[in-house]
Amino acid sequence: MADARKRVAVLISGRGSNMAALIAAASQESFPAEIALVLSNRADAVGLDHARAQGVSATAVDRRKYASKAEMEARFDAALREAGIELICLAGYMQLLSATFVKAWRDRMLNIHPSLLPLFPGLDTHARALQAGVKLHGATVHFVRTEMDTGPIVAQGAVPVIPGDTPDTLAARVLEVEHRLYPMALGLVASGRVTVTGDIVQIDGAPADPNAAILSPPDQG
Ligand code: GRF
């Protein structure tokens with residue numbers, strides 16, 4: 001039913017390619033969420049124009065116009081409530097949100113991070129993955145908690161690390177997975193199939209294939 005779709009806001013700071021993937025997924029009427037609002041902490045975020053071109057209301061809230069981060073976040077919160085937002089997706093939102101804001105949206109705010117958490121929280125994940133010599137890397141969608149890049153994991157996507165990879169080639173491979181993973185994870189949450197118990201997410205009716213191992217390098221057999 002169209003009116004049962006969850007109203008979602010996407011928070012961005014820059015390019016917004018994950019935001020674009022979420023908007024594209026939500027343009028399907030069968031998708032259980034609609035992207036009702038895009039907010040940015042930067043007026044020059046490229047993603048704002050794309051959102052507007054897709055008919056999504058998009059607003060920049062400039063931190064410098066507010067006396068404190070708390071006041072800026074109060075503005076965010078007001079915009080979110082005015083728009084009747086039920087879920088938030090952080091998508092390349094590069095400002096740490098306060099504990100007050102995070103608690104207000106507990107279990108209703110998702111983030112996408114470009115690593116297989118809990119490995120490599122923070123910045124420069126692809127360079128750090130190469131340096132660590134991991135053979136699998138990827139992306140994680142998780143509920144947001146006050147500590148950066150922590151919180152119950154909803155979904156992960158893995159890619160192989162290939163000999164000769166640079167941080168850029170690896171980032172591009174991970175980004176393709178992000179664009180599939182985030183809409184899928186949001187769809188699961190918005191359809192009410194996700195339950196959070198402590199640090200663990202349970203997904204109703206998720207198919208489980210115990211033989212679906214990903215080997216990197218592939219089996220030489
Ligand atoms: C993505 O790699 C995301 O995982 C990370 O920041 C990047 C944002 O890219 N949090 P985009 O703005 O969605 O293109």
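Report on the accompanying structure. (Residues numbered from 1 in each chain as written. Predicted model: local features only at pLDDT ≥ 70, side-chain atom pairs only at ≥ 80, totals over all residues. Heavy atoms only, no water.)

Some points on the overall build of the chain
- Within the chain, the regular secondary structure consists of six helices and nine strands.
- Here the C-alpha radius of gyration of the chain, 18 Å, is about what a compact globule of 221 residues would show, namely 17 Å.
- Each principal axis of the C-alpha atoms in the chain carries an extent, and together these give about 60 × 40 × 35 Å.
- For the chain, buried positions account for 44% of its 221 residues. (Helix = DSSP H or I, 4+ residues; strand = E, 2+ residues; numbered from the N terminus. Rg over C-alpha atoms; globule rule 2.2 N^0.38 Å. Buried < 20%, exposed > 50% of the residue type's maximum accessible area, 1.4 Å probe, protein only.)

Here we look at the site of the ligand
- Around the ligand, a shell composed of Arg-15, Gly-16, Ser-17, Asn-18, Gly-92, Ile-112, His-113, Pro-114 and Glu-178 is seen.
- The side chain of Arg-15 places a nitrogen or oxygen atom 2.5 Å from an oxygen atom of the ligand.
- Here Ser-17 contributes a side-chain N or O atom positioned 2.5 Å from an oxygen atom of the ligand.
- Alone, the ligand offers 370 Å² of accessible surface; in the complex the protein occludes 85% of this.
- Taken together, the elements giving at least two residues each to the shell around the ligand come down to α1 (17-26) and β5 (109-113).
- Across the shell around the ligand, the residue classes tally to two nonpolar, five polar and two charged. (Near = heavy atom within 4 Å. Polar contact = N/O pair within 3.5 Å; in protein donor to acceptor, adjacent residues only side chain to side chain. Areas by Shrake-Rupley, 256 points an atom, 1.4 Å probe, with all protein chains shown as cover. Nonpolar A, V, L, I, M, F, W, Y, C, P; charged D, E, K, R; others polar.)

Brief notes about α1
- Burial analysis of α1 places eight of its 10 residues in the buried class, the great majority of the element.
- Buried residues of α1: Ser-17, Asn-18, Met-19, Ala-21, Leu-22, Ile-23, Ala-25 and Ala-26, and no others.
- Where α1 is buried, its residues contact β1 (6-12), β2 (33-40), α2 (46-53), β4 (87-90), β5 and α6 (167-190). (Contact = heavy atoms within 4.5 Å.)

Digging into the environment of Arg-173
- Here Arg-173 shows up in helix α6.
- For Arg-173, a relative accessible area of 22% translates into the label partly exposed.
- Placed 55 residues apart in sequence, Arg-173 and Pro-118 show a C-alpha to C-alpha distance of 19 Å.
- Here Arg-173 is in contact with Val-159, Pro-160, Val-161, Ile-162 and Asp-165, once residues within four sequence places are set aside.
- A polar contact of 2.7 Å, which involves the side chain of Arg-173, links it to the side chain of Asp-165.

A word on helix α3 (residues 69-82)
- Helix length check: α3 (14 residues) gives 20 Å between terminal C-alpha atoms against 20 Å at 1.5 Å per residue, within 8%.
- For α3, the full list of buried residues reads Met-72, Glu-73, Phe-76, Asp-77, Ala-79 and Leu-80. Taken around the axis of α3, the buried residues stretch over an arc of 160°, which confines them to a single face. Turned more than 90 degrees from where α3 packs its buried face, Ala-70 and Glu-82 sit exposed.
- Gly-84 sits one or two positions beyond α3 and adopts a positive phi of about 65°. (Expected span 1.5 Å × (residues − 1). Arc of directions from axis to C-beta.)

Let's talk about the pairing of strand β9 (residues 200-203)
- Taken together, the four bridges between strand β8 (residues 194-197) and β9 define a ladder with antiparallel strand orientation. When the bridges of β9 are listed, Val-196 appears paired with Val-201.
- Here β8 hands over to β9 after two residues, with Gly-198 in that stretch at a positive phi of 60°. (Pairing = 2+ DSSP bridges.)

Focus: the side chain of Asp-165
- Along the polypeptide, Asp-165 turns up in the loop between β7 (153-160) and α6.
- By relative accessible area, which is 14% here, Asp-165 ends up buried.
- Within the structure, the side chain of Asp-165 is placed 2.8 Å from the backbone nitrogen of Ile-162, a separation counted as a polar contact.
- There is a polar contact of 2.7 Å between the side chain of Asp-165 and the side chain of Thr-169.
- The contact partners of Asp-165, leaving out residues within four places of it in the chain, are Leu-130, Pro-160, Leu-170 and Arg-173.

Focus on the side chain of His-137
- Within the secondary structure layout, His-137 lies in strand β6 (residues 136-143).
- A polar contact is formed between the side chain of His-137 and the side chain of His-126, at a distance of 2.9 Å.

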